[in-house]
Amino acid sequence: MSAPKKIFGTDGVRGTANIEPVTAETALKLGRAAGHVFKHLASQPRGRGRNKIVLGKDTRLSGYMLENALSAGILSMGVDVLFIGPLPTPGVAYVTRSLRADAGIVITASHNPYDDNGIKFFRADGYKLDDKIEYEIESLVFSGEIESIRPTADAVGKAVRIDDALGRYIEYAKASFPRGMTLEGLRIVVDCAHGAAYKSTPCVLRELGAEVIVHGNQPDGKNINKECGSMHPALLCQKIWEHRADLGIAHDGDADRVLLCDEKGTLIDGDDVMAMAALDLLEQGKLAKRTLVSTVMSNAGLSAAITAAGGHVVCTGVGDRYVIDEMLRHGYNLGGEQSGHLIFRDHSTTGDGLVAALQVLRIMRTRELPLSKLVQCWNRFPQIVTNVVVREKKPFKELQDVGQLLTEAETELKTQGGRVLLRYSGTEPKARLLMEGRDQATLQKWTHKISEAIKRQVGA
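If you're wondering where the values come from, they're calculated on a predicted model, not measured in any experiment. For every chain, the first residue of the written sequence is number 1, and numbering continues from 1 onward in sequence order. In keeping with the model being predicted, local features are shown solely for residues with a pLDDT of at least 70 and side-chain atom pairs are shown and tallied solely at 80 or more, while totals for entire chains, interfaces and linings include all residues. With hydrogens and water stripped out, all remaining heavy atoms of the structure feed into the side-chain values.

Caption draft 1: How the structure looks around the overall build of the protein chain. Looking only at helices and strands, the protein chain has 14 helices and 18 strands in total. Here the radius of gyration uses the C-alpha set of atoms, whereas the globule reference equals 2.2 Å times the residue count to the power 0.38. For 460 residues, the compact-globule estimate of 2.2 N^0.38 gives 23 Å, and the protein chain sits close to it at 22 Å. Buried positions account for 59% of the 460 residues belonging to the protein chain. When contacts within the protein chain are restricted to residue pairs at least 6 apart in sequence, long-range pairs at least 24 apart make up 71% of them. Here, Shrake-Rupley sampling with a 1.4 Å probe gives the accessible areas, and only protein chains in the shown set may cover a residue. When the accessible surface of the protein chain is summed, it comes to about 19,300 Å², and 50% of that surface belongs to carbon and sulfur atoms. Asp and Glu count as negative and Lys and Arg as positive, but His and the ends of the chain are not part of the count. Lysine's charge is taken at NZ, arginine's at CZ, aspartate's at CG and glutamate's at CD. On the protein chain, the mean spot of the 58 positive side-chain charges and the mean spot of the 56 negative ones are 2 Å from each other. Secondary structure elements follow DSSP: runs of H or I of four or more residues count as helices, runs of E of two or more count as strands, with numbering from the N terminus. Accessible area is worked out with a 1.4 Å probe on protein chains only. A residue is then buried under 20% of its type maximum, exposed over 50%, and partly exposed in between. Contact criterion: two residues are considered in contact whenever any of their non-hydrogen atoms come within 4.5 Å of each other.

This is the structure we're talking about:
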């Protein structure tokens, strides 16, 4: 018996637009399958007699194609579609809850280049789908089980455009910042990556009183993430100097992540934000169960700092869904990834780059300190992260010398409290190698040896 077909990856469906599985044909089937599953998940419609699904997207050219295909599939199952247009992924999650919809869908490939696209799903409560529901949708796409379900006449779904979705998200984001506190006197540079946050983030910061200088806010469908945003933060750091700004904020294409830059032009990553936020919440007695959730990619210095302050750090596999799952399972309220996916569960159900930036700004305002001073609350262990582009994801144990080199590197690095982590990306054709320890020269030596061994055998 052949293995069941699979289209869901670690973060929804993703790939090159107009090539399977990210085609109009498969999107139509996904829409039908999702319409069927969410219609029957709800014990009763959350609106006035009609089931409904929110449909948002980022700024990619292929979003129009996929949006219409998904919509057609959903409508054909007798479920209404609420179009909300370009909005950050966390905005789609919030609007899904706000409109009491049965589910939310966002068309995005996040930090990937514009020729990729993807489809992510949210439950009615704004959280990502669990594996069981994904599997059910996936099975229906291929099985043909629902081919005979064809509502007619007034049982067919209706599509409407929600004009105030952006305004709803803006007000929600502002509500995560203390009432009565403003950003007056701060000059902030924002790089929106020509993506979904090109309106929302500048608007929120201006309404809170900041002087905002915006870059990456002219999407044309093809320039999303192109040499800008959190994937290319050097531009942001340069603009800090040019504008003599107090802070820089860089999003990825769907704005579910953020990287910052301090007033000296130094990059601030997700580990930095987690350290500042966790230590601040610990001091206030507001860090749930005194625990921060991070991934295996986070720097070991983060755990050392939180532990020294009387807290705990729980590590998960790489991917914000694993962080969120752990947070939900045990009732934690802060978690994230070094890459800038940060979940403040007191405010959001998913990674939200804008909400995360506002929490850092709150700490800056409360403590009356610049970002460069705040980030000194912890010490980072030397770490090198290398991405090797590959043509195939062959198991590492089948690659000559790689296993032996990993063993030798781990043995040497353990003596200095270090570690080695090698894995394939779940969303890109890349092998990711993390080396961590106290001696930079040792890290560089093993990084070169292992990455070269991978390049020789499966490098693109």
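Still to come is the rest of the account.
Caption draft 2: Local environment of empty space enclosed by the protein. Each cavity reported here is a set of points on a 1 Å grid over the protein atoms alone in which a 1.4 Å probe fits but cannot get out, each pocket an open set with protein on both sides within 12 Å along at least five of seven lines, and each lining residue one with an atom within 4 Å of a point. Grid points are joined across faces, edges and corners, and a volume is the space filled by probe spheres set on the points. Following the criterion strictly, the structure yields one cavity of 30 Å³ or more and no others. Put simply, the largest cavity is a space of about 80 Å³. Along its surface, the largest cavity is lined by Phe8, Thr10, Asp11, Gly12, Ile119, Lys120, Phe121, Lys128, Leu129, Glu134 and Arg321. Ranked by residues supplied to the lining of the largest cavity, first place goes to strand β5 (residues 116-123) with three residues. Tallied by class, residues from the lining of the largest cavity come to four nonpolar, two polar and five charged. Asp, Glu, Lys and Arg are counted as charged, while Ala, Val, Leu, Ile, Met, Phe, Trp, Tyr, Cys and Pro are counted as nonpolar; the rest, among them Gly, fall into the polar class.

Caption draft 3: Focus on the sheet that holds strand β2 (residues 52-57). Overall, mixed pairing links the six strands, which are arranged β1-β5-β4-β2-β3-β6 in an open sheet. With one partner strand each, in any of the chains shown, β1 (13-16) and β6 (159-161) form the two edges of the open sheet. Geometrically, the sheet is characterised by an average inter-axis angle of 20° between neighbouring strands, direction not taken into account. When DSSP locates at least two bridges between a pair of strands, those strands are taken to pair. Inspection of the sheet shows strand β3 (residues 80-86) paired to β6 by three bridges, in the parallel sense. Fitted lines through C-alpha atoms serve as axes, helices being fitted only where they are in contact, and the angles separating the N-to-C directions of these axes extend from 0 to 180 degrees.

Caption draft 4: Structural detail: helix α11 (residues 353-367). Here the expected length of a helix is defined as 1.5 Å per residue gap, with one fewer gap than residues. Helix length check: α11 (15 residues) gives 22 Å between terminal C-alpha atoms against 21 Å at 1.5 Å per residue, within 8%. Counting buried positions along α11 gives 12 out of 15 residues, so the element sits mostly inside the fold. The complete set of buried residues in α11 reads Gly353, Leu354, Val355, Ala356, Ala357, Leu358, Gln359, Val360, Leu361, Arg362, Ile363 and Met364. Just downstream of α11, Glu368 is the residue with a positive phi angle, here 55°.

Caption draft 5: Local environment of the pattern of salt bridges. A carboxyl oxygen of Asp or Glu within 4 Å of a side-chain nitrogen of Lys or Arg is what we treat as a salt bridge. Tallying each qualifying case throughout the model produces 30 salt bridges. One salt bridge connects Lys57 with Glu67, and the closest N-O pair in it is separated by 3.1 Å. Highlighted residues: Lys57 in strand β2 and Glu67 in helix α2 (residues 63-75), separated in sequence by 10 residues. Note on Lys57: relative accessible area 8%, which makes it buried.

Caption draft 6: Molecular detail of the packing of aromatic side chains. Aromatic pairing here means that ring centres of Phe, Tyr or Trp (its six-membered ring) are within 6.5 Å. Orientation follows from the plane angle: under 30 degrees is stacked, over 60 is edge-to-face, and everything else is tilted. Scanning all chains against the criterion turns up five aromatic pairs. Here Phe38 and Phe121 contribute two aromatic rings whose centre-to-centre distance is 6.4 Å and whose plane-to-plane angle is 35°, an arrangement assigned as tilted. With Phe38 in helix α1 (residues 24-41) and Phe121 in strand β5, the pair connects residues that are 83 residues apart, well separated along the chain. Comparing Phe38 with Phe121, the two get one shared label, buried. Where Tyr169 meets Tyr172, the ring centres are 5.7 Å apart and the plane angle is 35°; that geometry is what we call tilted. Highlighted residues: Tyr169 and Tyr172, both in helix α5 (residues 165-174), separated by three residues, approximately one helical turn. For the pair shown, Tyr169 and Tyr172 are each scored as buried.

Caption draft 7: Main features of the nonpolar core. Put simply, a nonpolar core is a bunch of buried Ala, Val, Leu, Ile, Met, Phe, Trp, Tyr and Cys residues held in one set by side-chain atoms that sit within 4.5 Å of each other. Within the largest apolar cluster, 65 residues are counted, with the highest numbers of intra-cluster contacts made by Leu183, Ile188, Leu205, Ile249, Leu260, Leu358 and Leu361. Aside from chain neighbours lying at most four places away, what touches Leu183 is Phe177, Ile188, Leu205, Leu208, Gly209, Ala210, Leu361 and Arg365. Grouped together as the second largest cluster of nonpolar side chains are 32 residues, Leu30, Phe83, Ala103 and Ile146 included.

Caption draft 8: Representation of the packing of helix α8 (residues 270-284) against helix α9 (residues 300-308) in the model. α9 packs onto α8 with a crossing angle of 5° between their chain directions and a minimal axis gap of 10 Å. With respect to their mutual orientation, α8 and α9 come out roughly parallel. Every residue of α9 that contacts α8 at Asp271, Met274, Ala275, Ala278, Leu279 and Leu282 is listed here: Leu302, Ala305 and Ile306. In terms of residue class, the contact of α8 with α9 is made up of eight nonpolar, no polar and one charged. Throughout, the term roughly parallel applies to angles under 35 degrees, roughly antiparallel to angles over 145, roughly perpendicular to angles from 65 to 115, and oblique to all others.

Caption draft 9: Main features of the pairing of strand β18 (residues 430-436). Within β18, seven of the seven residues are buried, leaving the element largely enclosed by the surrounding structure. Burial along β18 is two-sided: Lys430, Arg432, Leu434 and Glu436 facing one way and Ala431, Leu433 and Met435 facing the other are all buried. Examined bridge by bridge, strand β16 (residues 383-389) and β18 share seven bridges and lie antiparallel to one another. Its bridge partner being in β18, Val388 is matched across the sheet by Ala431. Hairpin connection from strand β17 (residues 419-424) to β18: five residues lie between these consecutive antiparallel strands.

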